[in-house]
Amino acid sequence: MKKILLLLFLISVAISFSSTIHVSANSVKGGDDFYVLKNDVQVIKDTLEVLTDLATVTLVNDEWRKLESKGNIKIKTDTMEATSSLLNYDLKKILDY
């Protein structure tokens, strides 16, 4: 539980001038520039929601941006739902229209 709280704190500090990324998982392991999230992973940013069993979130230029996942992935937005077995996504691109 402490690791999850630490992860949420680090993410909020690292992107304090960007929109917030909400992350939850049953297991969190990582270091200064990445976190591996396992079991019941949920990543939410604005209208994007990713549900999976395994994901990695990585810092890019001091921002939590790179989201990678393999396996059973569900992707939801306000206007669509999709499933996938592979995801490589830049979380900053959501707001860059």
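Figured I'd write up the structure that's included with this text. Here the residue numbers are simple positions, counted from 1 along each chain's written sequence. Per-residue local features are limited, in this predicted model, to residues with pLDDT of at least 70; the limit for side-chain atom pairs, both in listing and counting, is 80 or more; totals at the level of whole chains, interfaces and linings are taken over all residues. Side-chain metrics rest on all non-hydrogen atoms present in the structure, leaving aside hydrogens and water.

**Focus: the overall build of the protein chain**
Each helix and strand in the protein chain was counted, giving one helix and six strands. Secondary structure elements are taken from DSSP: a helix is a run of H or I of four residues or more, a strand is a run of E of two residues or more, and numbering for both begins at the N terminus. Ordering the α and β elements of the protein chain from the N terminus gives α-β-β-β-β-β-β. Within the protein chain, the fraction of its 97 residues that count as buried is 31%. Within the protein chain, counting contacts between residues at least 6 apart in sequence, those at least 24 apart form 34% of the total. All accessibility values rest on the Shrake-Rupley procedure with a 1.4 Å probe; residue burial counts only the protein chains present in the view. Total accessible area computed for the protein chain in this model is approximately 6,100 Å², and 54% of it derives from carbon and sulfur atoms. The rule is simple: take the accessible area with a 1.4 Å probe, protein chains only, and divide by the maximum for that residue type; under 20% is buried, over 50% is exposed, in between is partly exposed. Any two residues having at least one pair of non-hydrogen atoms within 4.5 Å are treated as being in contact.

**Quick notes on the pattern of salt bridges**
Any carboxyl oxygen of Asp or Glu that lies within 4 Å of a side-chain nitrogen of Lys or Arg is treated as forming a salt bridge with it. Applying the stated criterion across every chain, the model contains four salt bridges. Close ionic contact of Lys-92 with Glu-63 constitutes a salt bridge, the shortest N to O distance being 3.7 Å. Placement of the pair is Lys-92 in the segment after strand E6 (81-90) and Glu-63 in strand E5 (residues 63-76), with a sequence separation of 29 residues. Here Arg-65 makes a salt bridge to Asp-90, at a shortest N to O gap of 2.4 Å. Here the residue Arg-65 occupies a position in strand E5, and Asp-90 occupies one in strand E6, the gap between them amounting to 25 residues. Connected through salt bridges with shared partners, the residues Glu-63, Arg-65, Asp-90 and Lys-92 form a single ionic network.

**Overview of the nonpolar core**
Remark: nonpolar core denotes a set of buried residues (Ala, Val, Leu, Ile, Met, Phe, Trp, Tyr, Cys) joined through side-chain atoms within 4.5 Å. Ile-21, Leu-37, Val-41, Val-43, Val-50, Leu-67 and Leu-87 are the most contacted members of the largest nonpolar core, which has 18 residues in total. Setting aside anything within four residues of it in sequence, one finds Val-43 in contact with Ile-21, His-22, Leu-37, Leu-48, Glu-49, Val-50 and Leu-67.

**Considering unusual backbone geometry**
One non-glycine residue, Asn-61, lies in the positive phi region at around 50 degrees. Along the polypeptide, Asn-61 turns up in the loop between strand E4 (48-60) and E5. Here the phi dihedral of Asp-62 falls at roughly 65 degrees; this positive angle occurs in a residue that is not glycine. Note on Asp-62: relative accessible area 62%, which makes it exposed.

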